[in-house]
Amino acid sequence: MSDQNQLITYAFVALIIGAAAGYLTAGQITYNKQIQDLQNQLAEGGEVELTGSLSIAGSTTVLPIAQECANLFMEQHLKVDVSVAGGGSGAGVKSAGSGEVDIGEASRNIKASELLSYPDLVAFSVAKDSVAVIVNPDNPLSGSLDLTLEQVSEIFSGEITNWNEIGGPDHEIEVYTREEGSGTREVFVDYAMGGKEFAANAGVKPSNGEMRAAVASNQYAVAYVSFGYIDDTVSAASINSVEAVVENVNNGQYPITRILWMFTKGMPDPLEAAFIEYVQSLEGQAIVEDLGYIPIY
Amino acid sequence: MRTGDMVSRILFLCASLSAVIVFLITAFLLQEGIKVLTPGFLFGMTWSPHRELFGIFPTIVGTLGVVVGAVVIATVIGIPSSIFLSEFSPFWVRNIIKSSVEVIVGIPSVVIGFFGLTVLVPFIRDHVGGRGESILAGWIVLAFMILPNLITIAEDSLRAVPRSYREASLALGATKWQTVRNVVLPSASSGIRAALVLGVGRAMGETMAVLMVVGNPETPWIPTGILDRVRMLTSTIAIEFSYAEWGSTHQHALFAIGVVLFFMVAALNFIATFVIRRRNIQ
Amino acid sequence: MNEVQKEKLVRALLYAAVALSIVMLPIIVVWVTANGVGAISLEFLTGRPYRFEYGGIYPQIVGSLYLVSLCTLLGGPLGIASAIYLAEYAPDNVVTRTVRFFTETLAGMPSIVIGLFGLQFLVYYLKLKTSLLAGAVSLSFLMLPWTIRASEEAIKVVPREYREASLAMGATKWQTILRVVLPAAVPGIVTGVLLGMGKAIGETAVVWLTAGSGLEAFVPRTLRSPTGSLPMYIYLLATQGHTAEGLQNAFGASLVLLVMFMAMSVSALLIRNHYLRKLGP
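What you see is a predicted model, and the numbers here were worked out from it, not measured in a lab.

1. Some remarks on the overall build of chain B
Turning to step 1, where the next piece is worked out: What chain B contains, in helices and strands, is eleven helices and two strands.
Turning to step 2, where the next piece is worked out: Along its sequence from the N terminus, chain B presents helices and strands in the succession α-α-β-β-α-α-α-α-α-α-α-α-α.
Turning to step 3, where the next piece is worked out: Along the longest, intermediate and shortest principal axes, the C-alpha atoms of chain B span 70 × 70 × 35 Å.
Turning to step 4, where the next piece is worked out: Looking at chain B as a whole, 59% of its 282 residues qualify as buried.
Turning to step 5, where the next piece is worked out: Sequence-distant contacts in chain B: of pairs separated by 6 or more residues, those separated by 24 or more amount to 73%.
Turning to step 6, where the next piece is worked out: Counting every atom, chain B has about 11,000 Å² of accessible surface; 67% of that belongs to carbon and sulfur.
Turning to step 7, where the next piece is worked out: Computing the positive centroid from 20 side-chain charges and the negative centroid from 15, chain B places the two 10 Å apart.

Here you go:
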């Protein structure tokens, strides 16, 4: 009886190991086939053989650009692995400056204090962007919301607390803000907060994605995100009667504007340089535009 | 015999590795955090790194508020459950439930947090009030997570009470419940208390699940209601560490939070072990 | 109300309490399964993440498996060796008690603190960078005390007669341990290791700080490459996902994670139950 049980146990374990091995093999075979197909397609290419891995981290604003470029870059250079993480601009500066990642991203300029800590950072501009105030589409004010910069600062600092103070429903304005290391937050503070502090009860969401999700799921929420994160789950407010669209940033009417950066510790090595060049290339900039940001030229 | 000596020595080295790791962790944490560990830090009321203000008192209060509430809920549900398992259930039932409980212990906290974020928070927002993210949400999520440990330890303590105690009480004519209430529970009380203390320690160390449901306000305040949002010691570290500048006071402050956390949990574990040991001596 | 009625009421309340304790398990399992099953497809399981929330989770699954296997390889034998020492060789002196105290302390340490240490020491100081290696080593710190505890229990439960019989036949202490005690303790040890693996695979805080972004589109090629993992993937998509597909992918990944976790935990318990019956209660 116990021998039978033992047999069952061993069979079970063998089954699990076999299943795991089979799964890993299947995945590897699928991957190899994909590579083979791609290699056949690129047979005419004549590209330089780049190998190695790239780790990128930092601003969640630059994140979609980096991820999309990384995917396409990896398809063109099959021996390269690119890993893209978020964490915010502050994290980008810190991890690139300390050598933990290869390329850092930031949606604000590098601060003087950061240059003191990491004097050998080399920065490359990869896109232009702006910041929009977003509300939920079900908010009665959405679609026609026009704020002055003064009002923006009053809402986010907690001086205006109820939507009915600006013509909306009678409900508390639920404010969200980014974490302190965020470049988006820095830019927003510089341009829109007028020296005021954020309301103490503002909820901190540590990424553009979470800011958007907070507004998309909450009828009375207000937050700010990069232009690249505006989609149909949220509605962007006009500021000073200027709509939050790319043209208005380009013609200077929209009051907030910023440059998105990628940087390396010291001069970039061939792999890093190749990637950054790719992002700055016509192909990369087409991606930038496609994702909702502004090309650098 | 020489092999035996060598073996014994190698094994000792392995065993001391845990000690080395803990020592390293403590040393690293202390080294980085000690400069900031002042009364101003521990009792300061404002946490605002960009203004160079590092007071964690509201964060500590917030953490304790969530943790203690969760332990209370877990106790109310868990102690009766452990009584049931130890005294009132047949062997096979106890086996199944104990096994389920052991599985619950390990459920990935991110999945629980996912559930909290997607189901619990909207529910609280729509039916109770506030933004949904709240101390209340933290209570429910944490209570669920510490229940299994609580039940296991409490049940062990109850079962450790000698059978003769029960039999004597029943022989005197008491009902089963009277026996449990007047004889078994008091004997197991120190073990149960240890379980509670350990539960608090476990709850304090939880990061992901609470991070997703408890709100993280910009500048935490001392909570006044269960719908308030708070910061936890663990989530403060998790969110802010990636961008705290190397060598900055901010980074040291985060390490100091790690030190506080570590020592609070270690102290709780120590108390629990001490309490249990006292029972064994008796 | 007389005593008998009181007893019945109490029993009812106790039943209710037990039901409440374990009710969350089926709720979560059903919730994840119901929402996640729609995401499961061959493309999902063998494809790679794309534009944040689309695509598949193959690198995440493999990443998690690598992390857990490596962590077990590091922490398992070490933990078992420590347990052997503590159970069989350790004299009852201050040194032993200190070692035990530290093991218990490590067991209670919050995972974020271990992640912090892993980040500071392994990633920055030892320059391992955010990688599979850093993640696995940090996870093994987490796993070590549990392995030690479970293995020590398993070894202690082996009946004394086994050891005495072996020694009586002339075997040395080490031979006894190796050939008699350990084989008898294997089921308990395996149970402990499997349970530890189940916990490690769901661990997020540690992996967040040491192993990689979570959304990698590739399988780690070396120990120094960053690696994706299911818990990070779930966390990122659950908090930032903004499309129905993204959310469903988060559910799908949760389902896969739960299945892997349950497989490890349930087999651990089955093994233990099976062999417990052999050794007696």
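Further notes follow.
2. Considering the interface of chain C and chain B
Turning to step 1, where the next piece is worked out: Counting residues at the interface gives 75 residues for chain C and 72 residues for chain B.
Turning to step 2, where the next piece is worked out: Both faces combined, the contact of chain C with chain B buries some 6,700 Å², and carbon together with sulfur accounts for 83% of it.
Turning to step 3, where the next piece is worked out: When the buried surface of chain C facing chain B is broken down by residue, Trp31, Leu116 and Gln120 of chain C rank first, second and third, together holding 9% of it.
Turning to step 4, where the next piece is worked out: Inspection of the chain C/chain B interface yields zero salt bridges.

3. Quick look at the sheet that holds strand β12 (residues 258–265) of chain A
Residue and element names in this part refer to chain A.
Turning to step 1, where the next piece is worked out: Pairing is mixed across the open sheet formed by five strands, whose spatial order is β2-β1-β3-β12-β4. The strands lining the two open edges of the sheet, one partner per strand, are β2 (79–87) and β4 (121–129). Sheet twist, expressed as the average angle between the axes of neighbouring strands with direction ignored, equals 20°.
Turning to step 2, where the next piece is worked out: For strand β1 (residues 51–58) and strand β3 (residues 103–106), the ladder comprises three bridges, and the chain directions are parallel.

4. A closer look at the nonpolar core
Turning to step 1, where the next piece is worked out: Residues Phe156, Phe188 and Phe275 of chain A together with Phe41 of chain B are the most contacted members of the largest nonpolar core, which totals 252 residues.
Turning to step 2, where the next piece is worked out: Once you skip the residues sitting within four places of it in the chain, Phe41 of chain B turns out to touch Val36, Trp47, Phe54, Gly55, Ile56, Phe57, Ala253, Ala256, Ile257 and Val260 of chain B.
Turning to step 3, where the next piece is worked out: In terms of nonpolar packing, the next biggest core, distinct from the first, is built from ten residues, Ala106, Leu121, Trp261 and Phe263 of chain A among them.

5. Overview of the packing of helix α3 (residues 57–88) of chain B against helix α6 (residues 135–160) of chain B
Turning to step 1, where the next piece is worked out: At a closest axis distance of 6 Å, the pairing of α3 of chain B and α6 of chain B adopts a crossing angle of 35°. The element α3 of chain B and its partner α6 of chain B pack so that their crossing is right-handed.

6. With respect to the confidence of the model for chain B
Turning to step 1, where the next piece is worked out: Per-residue confidence for chain B averages 86 on the pLDDT scale, and 96% of its residues sit at or above 70.
Turning to step 2, where the next piece is worked out: Element-level pLDDT for chain B is lowest in helix α4 (residues 91–106) of chain B, with a mean of 81, against a maximum mean of 92 in helix α5 (residues 109–127) of chain B.

7. Structural notes on the domain arrangement of chain C
Residues and elements named next belong to chain C.
Turning to step 1, where the next piece is worked out: Segmentation of chain C into domains returns domain 1 (1–39) and domain 2 (41–279).
Turning to step 2, where the next piece is worked out: If you average the C-alpha positions of domain 1 and of domain 2, the two centres end up 30 Å apart.
Turning to step 3, where the next piece is worked out: Counting residues at the interface gives nine residues for domain 1, matched by ten residues for domain 2.
Turning to step 4, where the next piece is worked out: A buried area of about 800 Å², summed over both sides, lies between domain 1 and domain 2, and 78% of it is on carbon and sulfur atoms.
Turning to step 5, where the next piece is worked out: It is Val32, Asn35 and Ala39 in domain 1 that bury the most area against domain 2; as a group they hold 59% of the surface buried on that side.
Turning to step 6, where the next piece is worked out: Summed over the shared surface of domain 1 and domain 2, the result is zero salt bridges.

8. Thoughts on the sheet that holds strand β9 (residues 221–226) of chain A
Residue and element names in this part refer to chain A.
Turning to step 1, where the next piece is worked out: Strand order in the open sheet formed by five strands is β8-β7-β9-β5-β10, with mixed pairing between adjacent strands. Two strands in the sheet have a free side with no partner beyond their single neighbour: β8 (203–204) and β10 (235–236).
Turning to step 2, where the next piece is worked out: Relative to β9, strand β7 (residues 174–177) runs parallel, the two sharing two bridges. From the neighbouring strand, Val175 faces β9, where its bridge partner is Val222.

9. Some thoughts on the packing of aromatic side chains
Turning to step 1, where the next piece is worked out: One pass over the structure, following the stated rule, counts 28 aromatic pairs over all chains.
Turning to step 2, where the next piece is worked out: Ring centres of Phe73 of chain A and Tyr278 of chain A lie 5.8 Å apart, and the angle between their planes is 55°; on these two criteria the pair is classed as tilted. With Phe73 of chain A in helix α2 (residues 63–76) and Tyr278 of chain A in helix α9 (residues 270–280), this pair connects stretches of sequence that are 205 residues apart.
Turning to step 3, where the next piece is worked out: The exposure class assigned to Phe73 of chain A is buried, which follows from its relative accessible area of 1%.
Turning to step 4, where the next piece is worked out: A network of ring pairs unites the aromatic residues Phe28 of chain B together with Phe117, Phe121, Tyr125 and Phe141 of chain C as a single cluster.

10. A look at the interface of chain C and chain A
Turning to step 1, where the next piece is worked out: Chain C puts 32 residues into the contact, and the matching count from chain A is 37 residues.
Turning to step 2, where the next piece is worked out: Of the roughly 3,100 Å² buried between chain C and chain A on both sides combined, carbon and sulfur atoms contribute 52%.
Turning to step 3, where the next piece is worked out: For the interface between chain C and chain A, the tally reads one salt bridge.
Turning to step 4, where the next piece is worked out: Among the salt bridges present, the one from Arg221 of chain C reaches Asp81 of chain A, with a minimum N-O distance of 2.7 Å.
Turning to step 5, where the next piece is worked out: Secondary structure elements with two or more residues in the side of chain C that touches chain A: β1 (49–50), α3 (58–89), α5 (111–125), α10 (230–240) and α11 (244–279) of chain C.

11. Let's talk about unusual backbone geometry
All names here are of chain A.
Turning to step 1, where the next piece is worked out: Positioned with a positive phi, Asn240 is a non-glycine residue whose angle comes to about 55°.
Turning to step 2, where the next piece is worked out: Here Asn240 is to be found in the loop between β11 (238–239) and α8 (246–250).
Turning to step 3, where the next piece is worked out: By relative accessible area, Asn240 is classed as partly exposed at 41%.

12. So, the side chain of Glu180 of chain A
Turning to step 1, where the next piece is worked out: Mapped onto the elements of the fold, Glu180 of chain A is located in the loop between β7 and α6 (183–192).
Turning to step 2, where the next piece is worked out: It is Arg185 of chain A that comes nearest to the buried, bridge-free Glu180 of chain A among opposite-charge side chains, at 4.1 Å.
Turning to step 3, where the next piece is worked out: Here His50 of chain B takes part through its backbone nitrogen, which lies 2.8 Å from a polar atom of the side chain of Glu180 of chain A.

13. Examining the confidence of the model for chain C
Residue and element names in this part refer to chain C.
Turning to step 1, where the next piece is worked out: Counting all residues, the mean pLDDT for chain C is 86, and 98% of those residues have values of 70 or more.
Turning to step 2, where the next piece is worked out: Considering each helix and strand of chain C separately, the mean pLDDT is smallest for β1, with a value of 82, and largest for α10, with 91.
Turning to step 3, where the next piece is worked out: Among the scores for the predicted complex, ipTM is 0.88 and pTM is 0.87.

The rules behind the values
- Residues numbered from 1 in each chain as written.
- Chains lettered and ligands numbered in written order.
- Predicted model: local features only at pLDDT ≥ 70, side-chain atom pairs only at ≥ 80, totals over all residues.
- Heavy atoms only, no water.
- Helix = DSSP H or I, 4+ residues; strand = E, 2+ residues; numbered from the N terminus.
- Buried < 20%, exposed > 50% of the residue type's maximum accessible area, 1.4 Å probe, protein only.
- Contact = heavy atoms within 4.5 Å.
- Areas by Shrake-Rupley, 256 points an atom, 1.4 Å probe, with all protein chains shown as cover.
- Lys, Arg positive; Asp, Glu negative; His and termini not counted.
- Charge placed at Lys NZ, Arg CZ, Asp CG, Glu CD.
- Buried area = accessible area lost by both parts, 1.4 Å probe.
- Salt bridge = Lys/Arg side-chain N within 4 Å of Asp/Glu carboxyl O.
- Pairing = 2+ DSSP bridges.
- Axes fitted to C-alpha atoms, helices over the stretch in contact; angles between N-to-C directions.
- Core = buried A, V, L, I, M, F, W, Y, C linked by side-chain atoms within 4.5 Å.
- Left-handed = near helix turned anticlockwise from the far one by under 90°.
- pLDDT = per-residue confidence, 0-100.
- Domains from an automatic or database assignment.
- Phe/Tyr/Trp six-rings, centres within 6.5 Å; stacked < 30°, edge-to-face > 60°.
- Polar contact = N/O pair within 3.5 Å; in protein donor to acceptor, adjacent residues only side chain to side chain.

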